[in-house]
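As a plain string of letters, each chain reads:
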Amino acid sequence: MENLSAFAYLIAAVCFIMSLRGLSSPDTARRGNMFGIAGMVIAIVTTLAMPNVLSYELIIAGILIGGAIGTGIALKIQMTALPQLVAAFHSLVGLAAVFVAGAAFYAPEAYGIGEAGNIGAASLVEMSLGTAIGAITFTGSIVAFGKLQGIFRSAPVTFAGQHMLNAALGGLLVLLVIWMCVDQSATLFWAIVLLSLAIGFLLIIPIGGADMPVVVSMLNSYSGWAACGIGFTLANTALIITGALVGASGAILSYIMCKGMNRSIINVILGGFGADAGAGPAAGAGGEDDRPVKAGSADDAAFLMENASSVIIVPGYGMAVAQAQHALREMGDLLKEAGVKVRYAIHPVAGRMPGHMNVLLAEANVPYDDVLELEEINRDFAQTDIAFVIGANDVTNPAAKTDPASPIFGMPILDVEKAGQVLFIKRSMASGYAGVQNELFFRDNTMMLFGDAKHVVEDIVKSME
């Protein structure tokens, strides 16, 4: 039975690897999801078939309750809320790791790691690390969820000596883990839990809204390592492999996103970026809102695009909120029929989560070949007649290149201001998620199209027809 379980877990692990491989591209993402589902089914069935299961009733009840909640959320959740949903799920993974570690600490004989007060040193290290990472993931994800959901302010929250405090708490946590291996006290275990919860909170509050997509990715990595650590405690091969895959892939994705945003991966891990910039008022805010802008209509936009030779569409969070992707695809098809070259430019963090815009465009059956990443298309804006921006605010803001006081300074942006004409759909002149006014609004070659993104695009389509 043990050999059979190991073989089944190996098959599940292969499925998880194939799932990650499939999810790396929109055209194979559906197949990747199927591999992931198959791997999880195999892992669950294998675990349930183990001879040391004590209560199928409790397990089945947990699966039914959790499955019902998950299904309900999946059916009701809007695409715009996926970033905060992911953050919320990460918090549950971290909390589960803490609960499992607590159970193992109080009943080690049930896990084959010793007896109460006499747990092996290796198991204590694994348990302590899993507990610490899980608790940090829990509170960190709660803060990230609150910022994305608008419950907390998206602006960085900083105070004097913040980094020194974090460093001191981190050092204290290491000492507690070492002490825990010597004196297996329940007081020390809960001290690790409470201290880790505080660290998770303090690591995320200084990070501003513009950097939150990277934070969600990093928390994803943390949740994976927490699961991996607890997998060692449980001696569960599938959990170890799955946790390592999630942890490693999340870390790699965070690194890629940091490069795409010109940030330091060390600052992400230490909860540092956004802190310095967030100390003062956001650049571009306040009285600059009163500057005049050029506003146009859907008819104006339709006329300009139909007479252009090339159009680059830049989707953002505003498109997701308005669910305008289907109308946008229809507009793109009409432009192609008129002989206009149409492409889509995607910023690495457009929509507050990597791949958010790609999924929405794929949902509307936009051809994959027309969708290009920042590094593939950025140089083409200078030779493009029209850049059509639909709700992408911070990722098109020239202040990222010109204003050292801006919270987004140094972040690579889509160079839409270099296009011959910029058409910018927005509900109002309000700043973006980073709290920074977009200098692009006031450029001579920018025409603002105020209104709900979906309604504006549908009006443009009507004018073209």
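Residues numbered from 1 in each chain as written. Predicted model: local features only at pLDDT ≥ 70, side-chain atom pairs only at ≥ 80, totals over all residues. Heavy atoms only, no water.

1. A look at the overall build of the chain
Test applied: Every helix listed is a DSSP run of H or I at least four residues long, and every strand listed is a run of E at least two residues long, numbered separately from the N terminus. Each radius of gyration reported is based on C-alpha atoms, and the globular scaling rule is 2.2 Å times the count of residues to the power 0.38. Classification of residues uses two cut-offs on accessible area relative to the type maximum, computed with a 1.4 Å probe and protein chains only: under 20% is buried, over 50% is exposed, and between them is partly exposed. Pairs of residues are marked as contacts when any of their non-hydrogen atoms sit within 4.5 Å. For the purpose of counting charges, residues Lys and Arg are taken to be positive, whereas Asp and Glu are taken to be negative. His and the chain ends are not included. A charge is said to be at NZ when it belongs to Lys, at CZ for Arg, at CG for Asp and at CD for Glu.
When its secondary structure is counted, the chain shows 17 helices and eight strands. For 465 residues, the compact-globule formula gives about 23 Å, and the C-alpha radius of gyration of the chain, at 25 Å, lands near that figure. For the C-alpha atoms alone, the extent of the chain along its principal axes is close to 75 × 50 × 35 Å. Out of the 465 residues belonging to the chain, those deemed buried represent 48%. Contacts spanning at least 24 positions in sequence make up 76% of the contacts within the chain whose residues lie at least 6 apart. Considering the chain, the positive charge centre built from 23 side chains and the negative charge centre built from 36 side chains are found 3 Å apart.

2. Concerning the pairing of strand 7 (residues 421-426)
Rules: Strand pairing is defined by DSSP finding a minimum of two bridges between the two strands.
Most of strand 7 sits out of view: six of its six residues are buried. Side-chain alternation along strand 7 places Q421, L423 and I425 on one buried face and V422, F424 and K426 on a second face that is also buried. As defined by bridge partners, strand 6 (residues 386-390) adjoins strand 7 across five bridges and the pair is classed as parallel. Paired with F388 across the strands is L423, a residue of strand 7. Looking at chain direction, strand 7 and strand 8 (residues 446-450) are connected through five bridges and run parallel. Paired with V422 across the two strands is T446, which belongs to strand 8.

3. Examining the packing of aromatic side chains
Which entries qualify depends on this criterion: Only rings of Phe, Tyr and Trp enter the pairing, Trp through its six-membered ring, and a pair is recorded when the two centres are within 6.5 Å. The plane angle decides the type: under 30 degrees is stacked, over 60 is edge-to-face, the rest tilted.
Within the structure shown, the criterion is met by five aromatic pairs. With 5.0 Å between their ring centres and 85 degrees between their planes, F424 and F441 make a pair best called edge-to-face. One end of the pair, F424, is in strand 7; the other, F441, is in the loop between strand 7 and strand 8, with 17 residues separating them in the sequence. Here F441 falls in the buried class, since its relative accessible area comes to 0%. Through pairs of rings, three or more aromatic residues link up here, namely F105, Y106, F189 and W190.

4. Section: the pattern of salt bridges
What counts, and what does not: A carboxyl oxygen of Asp or Glu within 4 Å of a side-chain nitrogen of Lys or Arg is what we treat as a salt bridge.
Tallying each qualifying case throughout the model produces seven salt bridges. Residues R343 and D380 are paired through a salt bridge, measuring 2.8 Å at the closest nitrogen-oxygen approach. Placement of R343 in strand 4 (residues 341-346) and of D380 in the loop between helix 15 (374-377) and strand 6 is noted, with a sequence separation of 37 residues between them. Judged by relative accessible area, R343 falls into the buried class, the value being 14%. The residue K418 makes a salt bridge to D415 at a minimum N-O spacing of 3.8 Å. Each of the salt bridges in this network shares a partner with another, and the network as a whole consists of K401, D415, E417 and K418.

5. Some remarks on a nonpolar patch on the surface
This is how it is decided: Patch rule: a residue counts if its relative accessible area is over 30% and it has no salt bridge; like charges are joined within 9 Å, and nonpolar side chains (Val, Leu, Ile, Met, Phe, Trp, Tyr) within 5 Å. Residue exposure ignores everything except the shown protein chains as possible cover, and the areas themselves are Shrake-Rupley values with a 1.4 Å probe.
Among the surface-exposed residues, F7, L10, I11, V14 and M18 lie close enough to one another that they form a single nonpolar patch of about 440 Å² accessible area. What makes M18 partly exposed here is its relative accessible area of 37%.

6. A word on a negative patch on the surface
The grouping of D299, D300, E330, E458, D459 and E465 at the surface amounts to a negative patch. Those elements giving two or more residues to the negative patch turn out to be helix 11 (298-306) and helix 17 (453-464).

7. What about the nonpolar core?
The condition that has to hold: Nine residue types can take part in a nonpolar core, namely buried Ala, Val, Leu, Ile, Met, Phe, Trp, Tyr and Cys, and a core is a set of them joined through side-chain atoms within 4.5 Å.
Of all hydrophobic cores here, the largest spans 40 residues; its most connected members are M127, L173, M180, I192, I199 and I204. Looking at this core, the elements that each hand over two or more residues are helix 4 (82-106), helix 5 (121-149), helix 6 (162-182), helix 7 (186-204) and helix 8 (212-234). When residues of this core are assigned to their parent elements, the largest contribution, nine residues, is made by helix 7. If near-sequence neighbours (up to four positions away) are discounted, I204 is found in contact with G140, V143, A144, K147, V215 and L219.

8. Remarks on helix 13 (residues 325-337)
For clarity, the threshold we go by: To estimate the expected span of a helix, count its residues, drop one, and scale the result by 1.5 Å. By definition, the arc is the one covered by directions from the helix axis to the C-beta atoms.
Taking 1.5 Å as the rise per residue, helix 13 with 13 residues should run 18 Å; its terminal C-alpha atoms sit 18 Å apart, in good agreement. Considered for burial, the residues of helix 13 that qualify are Q325, A327, L328, M331, G332 and L335. The buried residues of helix 13 occupy one face: seen down the axis, they fall within an arc of 160 degrees. After helix 13 finishes, the residue G339 shows a positive phi value of roughly 90 degrees.

9. Brief notes about the confidence of the model for the chain
Just so we agree on the cut-off: Values of pLDDT, the confidence the predictor places in each residue, fall between 0 and 100.
Per-residue pLDDT for the chain averages 85, and the proportion of residues at 70 or more is 92%. Here residues 273-288 is modelled with pLDDT under 50, and outside its nearest four sequence neighbours on either side it reaches 34 contacts, counting other chains as well.

10. As for helix 1 (residues 2-22)
Along its 21 residues, helix 1 runs 30 Å from first to last C-alpha, staying within 8% of the 30 Å computed at 1.5 Å per residue. Listed as buried for helix 1 are S5, A8, Y9, A12, A13, C15, F16, S19 and G22.

11. Some words on the pairing of strand 6
Buried residues dominate strand 6, accounting for five of its five residues. Sheet analysis places strand 3 (residues 310-315) next to strand 6, joined by five bridges and oriented parallel. Residue pairing across strands places P315 opposite I390, the latter belonging to strand 6.

12. Things to note about unusual backbone geometry
In this structure, Q323 takes a positive phi of about 55 degrees despite not being glycine. Q323 gets classed as partly exposed once you look at its relative accessible area, which sits at 27%. Look at N365: it is not a glycine, yet its phi comes out positive at around 65 degrees. Residue position: N365 is located in the loop between helix 14 (356-363) and strand 5 (371-373). Given the relative accessible area of 58%, N365 is considered exposed.

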